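# Observations on the three-dimensional arrangement
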Amino acid sequence: MPIYEFYCERCNTIFNFYSRSINTAKQPLCPRCRKETLKRFLSTFSVLRDSSKGENEEPLPFNEQKMEQAMGALAREAEAIDEDDPRQAANVMRRLSEMAGLPLGKGMKEAIERMEAGEDPEKIEEEMEDILEEDPFALPERRSQRARDRIPSRDDTLYELEEY
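Conventions and cut-offs
Residues numbered from 1 in each chain as written. Predicted model: local features only at pLDDT ≥ 70, side-chain atom pairs only at ≥ 80, totals over all residues. Heavy atoms only, no water. Helix = DSSP H or I, 4+ residues; strand = E, 2+ residues; numbered from the N terminus. Buried < 20%, exposed > 50% of the residue type's maximum accessible area, 1.4 Å probe, protein only. Salt bridge = Lys/Arg side-chain N within 4 Å of Asp/Glu carboxyl O. Core = buried A, V, L, I, M, F, W, Y, C linked by side-chain atoms within 4.5 Å. Contact = heavy atoms within 4.5 Å.

### Focus: unusual backbone geometry
Phi is positive for Asn12, which is not a glycine, with a value near 55°. Following the sequence through the fold, Asn12 ends up in the loop between β1 (3-8) and β2 (13-18). What makes Asn12 buried here is its relative accessible area of 8%. Backbone geometry at Arg34 places phi at a positive 55°, although glycine is not the residue there. With respect to the secondary-structure elements, Arg34 resides in the loop between β2 and β3 (39-41).

### Focus: the pattern of salt bridges
Inspection of the entire model under this criterion finds eight salt bridges. Between Glu5 and Arg154 there is a salt bridge, with the nearest N and O atoms lying 2.8 Å from each other. Of this pair, Glu5 sits in strand β1 while Arg154 sits in strand β4 (residues 153-160), and the two are 149 residues apart along the sequence. Exposure remark for Glu5: the relative accessible area of 10% places this residue in the buried category. The partly exposed category is assigned to Arg154, whose relative accessible area is 38%.

### Points about the nonpolar core
Formed by Tyr4, Phe6, Cys8, Cys11, Phe15, Phe17, Cys30, Cys33, Leu38, Tyr159 and Leu161, the largest nonpolar core amounts to eleven residues. Of all elements in the fold, only β1 and β2 reach the threshold of two or more residues within this core. A total of three residues in this core trace back to one element, the largest contributor, which is β1. In this view, Cys11 contacts Cys30, Arg32 and Cys33; residues no more than four positions away in its chain are not counted.

These figures capture arrangement, not role.
Structural data, given as structure tokens:
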């Protein structure tokens, strides 16, 4: 039985839910406050971090399910791309952003616009390399500095996903 982790911003808590079947769409209500729809949380075994720095894991700032669906759909599209047409590559990158719900960062937006105008992607990458590495997506801001610094607690109870 798969086990999914969900995060409640209001309670700042990670909850574990098991499902009798693979269920990637369901988003339960928080079992503690019963007011907030929980967000899927990337399991800790899937998150890479430098443990020597003592950094704490935080929930990803995007919807994991949307990202998986977008990547699957776009992988099929990408197979048919004409590699010599930068406009097609730009279209796939723009669609990934839209489908995953991740707005493009300023630098990536400019690069895509230049590709859509027919500029050589290698020239764009050469000129914008530092900018593109810094902000491919405009990730949402956290609610507050205080909330960002709080480490989420973990509820050790294993809840049944179908009941919430």
